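An overview of the molecular structure
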Amino acid sequence: MAVNVLKPGLSTTVQDLGRPGYYHIGIPTSGGMDMLSLTAANLLVGNPAGAAVLEAVFLGPELEFTQDATVAVTGADLPPKVDGDERAGWTSFAVKKGQVLSFGFLRAGARAYIAISGGIDVPVVLGSRSTYTLGALGGFHGRKLQAGDVLPLGHGAGVAGRSVPAHLRRMPGAPAGLRMLPGLYWHRITEAAGIRFFEDTWKVAPEADRIGYRFKSGHPLEFVPREQPFGAGSDPSNIVDACYPYGSVQVPGGTEPIVLHRDAVSGGGYFMVGTVISADMDLIGQLQPHTPAQFVKVTMDEALAARKDRQGVLNGIKAAMA
């Protein structure tokens, strides 16, 4: 069973829940930018939560089915269509042999997740089918889709007619609130700069992708004076090279924060003002350029409570499928 790619969309890749365990040797986790939406799409069609799906950015692909299948589209409001007839998002539906799945114009969000019963059956590389395009690793030949590609599918009949309740469809607010835990280098900025950082309303810059999201329009950071240590650059934002956690917020030159995401490098020489908590990383993947956002200071206890709340949403989705 396979799907023919008639049109690839703007940037459509195969993703699953990622390949943790290799970050220490410079291979990022990859996987879906919005893990909650990816998981929900799989559960809707009866796949395991970690099955491989398609992640479409801004513009959806056009896919021809060679066999009957069940499909669900979650995440961004990118209306799916079967032979031109619109289907509901966050709801599983049937696609017959010979029919074409296409998409309307993006209404909200940034990334849609297309799950197909049986999952995308590309080879497993280092424990995952996710695409890491910079390293040409995993996915469909290590790259985004192109017209003429033929995607192999696993076996699975799926269940049409399932739907995720509206209150469990988690998407960013306006402005988006991104909860952040101040990091090891917080002491490098002045108290006034730290206050302004959380008071400012930032905007997503056009440089926003799977590697990282840049934010602009806030106040530049002020640094506590110091003599730069041996091995660090001359700019106050430079440090002796250190590891970058997933979700860490680096601020090159102290001007525009960058939140490192699924395909980010694992270390470098920019200081990190903090880390966006894991519960809110899904939301970043749904932010369009120029979207307003605010960083919200939280404690470790609040971060752990937010992770528990996110798991509660996931449990609610699983219960709805039952």
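Residues numbered from 1 in each chain as written. Predicted model: local features only at pLDDT ≥ 70, side-chain atom pairs only at ≥ 80, totals over all residues. Heavy atoms only, no water.

1. Let's talk about helix H4 (residues 300–321)
Its 22 residues give H4 an end-to-end C-alpha distance of 32 Å, which sits within 8% of 32 Å, the value for a rise of 1.5 Å per residue. Those residues of H4 lying buried are Ala-303, Ala-306, Arg-310, Val-313, Leu-314, Ile-317 and Met-321. The buried residues of H4 occupy one face: seen down the axis, they fall within an arc of 90°. Seen from the buried face of H4, the exposed residues on the opposite side, beyond 90 degrees, are Asp-301, Lys-308, Asp-309 and Ala-319. (Helix = DSSP H or I, 4+ residues; strand = E, 2+ residues; numbered from the N terminus. Expected span 1.5 Å × (residues − 1). Buried < 20%, exposed > 50% of the residue type's maximum accessible area, 1.4 Å probe, protein only. Arc of directions from axis to C-beta.)

2. Focus: the environment of Ala-320
By the secondary structure assignment, Ala-320 is in helix H4. For the pair Ala-320 and Arg-162, spaced 158 residues apart in sequence, the C-alpha separation works out to 8.3 Å. Those residues in contact with Ala-320, other than ones at most four positions away along the chain, are Ser-163 and Pro-165. (Contact = heavy atoms within 4.5 Å.)

3. Details of the packing of aromatic side chains
The full count for this structure, using the stated rule, is seven aromatic pairs. Relative to Trp-202, the ring of Phe-197 lies with its centre 5.7 Å away and its plane at 55°, an arrangement referred to as tilted. Comparing Phe-197 with Trp-202 shows no difference in burial state: the two are buried. Taken together, the ring pairs in this structure connect Trp-186, Phe-197, Phe-198, Trp-202, Phe-215 and Phe-295 into an aromatic cluster. (Phe/Tyr/Trp six-rings, centres within 6.5 Å; stacked < 30°, edge-to-face > 60°.)

4. Comments concerning unusual backbone geometry
At the junction of Ala-174 and Pro-175, the peptide bond is cis and its omega measures out at -5° in the coordinates. Although it is not a glycine, Ser-30 adopts a positive phi angle of roughly 55°. Summarising the element assignment, Ser-30 is placed in the loop between strand E2 (12–15) and helix H1 (35–45).

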